[in-house]
Amino acid sequence: MRKTYLKFSIPSITQAEIQEVVKTLKSGWLTTGKKAQLFEEKIAHYVGAEHGVSLASGTAARFLSLIVEGVQAGDEVITTPFTFISTANVIHHLGAVPVLADIDPETWNIDPECIAAAVTSKTRAVIPVHYSGQPCDMKNIKTLARKHKLRVIEDAAHALGAEYYGKKIGGLGNLTCFSFFPTKNITTGEGGVVTLNDERKAKRLRRLRLHGMSKDGWKRYAQEGSWYYEVHEAGYKYNLSDINAALGIVQMDKLESFNRRRTRLAERYAQKLARISGIKTLTLRPKIKSSWHIFPVTVEAETFGIDRNRLVKELWERNIGTSVHFIPLHLQPFYQKTYGYKKGDFPVAEKVFSGVVSLPLFPKMTLKDVDDVISAIQDIQESIPK
Ligand SMILES: *Cc1c(COP(=O)(O)O)cnc(C)c1O
């Protein structure tokens, strides 16, 4: 058994990140400035988008994206029940209705057929979530969006570096929202970016992230001094500080090596888990590349011998941390009370949730760490009384 506790996720921060943050602190400019601009340019360039707008979080990214895509009170926005609560909360905050569509039983991504069944005359947008880093079925989602005139806003919190038919997620032409929370593929402590190809919308995102203030009128008004601004709509305070962006600039240079490492570890897990009965891994679709944000598996209790909750506890007792992604939205009391969702509404998401557990996965992990997790799972299965 492992002597030291293997955490579920650890951010990879080295001296390079620390130095860049210290440089920023000493520069005299702490809030949104050159570093934030460089960071968003790096992301946009990497994913193949024309613009990147940095924000305080992935949640802020999605909230402002819904606004610039014209989502208003009373509109319906379709998303998956199998996501983090943030995805639906931002829809609710706009007075719009989060309409859920069940997932594909093999990829655990939103099922385009379920989206089609959920579309009404009030549907304004769809938010596909690239679960675990595997891109959603974007071809069918885009076809549906064209047919019903829906805006597509991608929740790519898991998908920085993921590819779909040779193109990076973020470069497919939709507003795409990334998150840099500490567990994500790169981190800024807290932060987010929207990538897009629409200059007008990028400008509006920049205005909304800072109180709705615009300096566009300045040239008209004054010859000197930069004190003048105009407010044409009430914005928010969702900008990313240069201190946070400094982390991101260094992390971006490491993203490719981080993701290669994640892929190597995921392949090792998949290969070894294939020999354990009752543990199922995610099916990968052809022509995609996953960014392997997490490594989720499902436990089939009858075959494996114990259920997910027991497995989590037994792994913890063997010094291995895990997490669960996600508790389906329609099982949350708030969403049940507010939107009338109930148990049984999305059977595929519920079935997957009942067995799902995410195993440790982060770039600093070693192949030996993966083997320790596998040995622990084998040991647990062997110790179940027949
Ligand atoms: C992490 C995550 C978010 C939230 O991002 P924040 O930066 O924490 O606001 C949203 N959606 C999904 C699917 C996530 O995993």
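The model shown is predicted, which means the values in this text are computed figures rather than measured ones.

## What to know about the sheet that holds strand S5 (residues 151-155)
Overall, mixed pairing links the 7 strands, which are arranged S1-S9-S8-S5-S4-S2-S3 in an open sheet. At either margin of the open sheet sits one strand with a lone partner, and together these are strand S1 (51-55) and strand S3 (97-100). Within this sheet the neighbouring strands show an average axis-to-axis angle of 25 degrees, counted without direction. Docked against the sheet, helix H2 (residues 34-47) engages S1, strand S8 (175-179) and strand S9 (192-196), running at close to 135 degrees with respect to S1.

## A closer look at the domain arrangement of the chain
According to the domain assignment, the chain contains domain 1 (15-254) and domain 2 (256-383). Each of domain 1 and domain 2 was reduced to a C-alpha centroid, and the two centroids are 27 Å apart. With 43 residues of domain 1 in contact, the opposing surface of domain 2 contributes 40 residues. Taken together, the links from domain 1 to domain 2 amount to 3 salt bridges. Residue Glu106 is joined to Arg285 by a salt bridge in which the shortest nitrogen-to-oxygen separation is 3.6 Å.

## Considering the site of the ligand
In the neighbourhood of the ligand, 17 residues make up the surrounding shell, with Gly58, Thr59, His158, Ser179 and Lys184 lying closest. Between the ligand and Asp155 there is a distance of 3.0 Å, counted from a nitrogen atom to a side-chain nitrogen or oxygen. Measuring from an oxygen atom of the ligand, one finds a side-chain N or O atom of Ser179 at 2.7 Å. Notes on the ligand: free accessible area 390 Å², of which the protein chains cover 93%. Contributions of two or more residues to the shell around the ligand are made by helix H3 (58-68) and helix H4 (85-93). In terms of residue count, H3 provides more of the shell around the ligand than any other element does, 3 residues in total. Class assignment of the residues belonging to the shell around the ligand gives a composition of 5 nonpolar, 9 polar and 3 charged.

Conventions adopted
Residues numbered from 1 in each chain as written. Predicted model: local features only at pLDDT ≥ 70, side-chain atom pairs only at ≥ 80, totals over all residues. Heavy atoms only, no water. Pairing = 2+ DSSP bridges. Helix = DSSP H or I, 4+ residues; strand = E, 2+ residues; numbered from the N terminus. Axes fitted to C-alpha atoms, helices over the stretch in contact; angles between N-to-C directions. Contact = heavy atoms within 4.5 Å. Domains from an automatic or database assignment. Salt bridge = Lys/Arg side-chain N within 4 Å of Asp/Glu carboxyl O. Near = heavy atom within 4 Å. Polar contact = N/O pair within 3.5 Å; in protein donor to acceptor, adjacent residues only side chain to side chain. Areas by Shrake-Rupley, 256 points an atom, 1.4 Å probe, with all protein chains shown as cover. Nonpolar A, V, L, I, M, F, W, Y, C, P; charged D, E, K, R; others polar.

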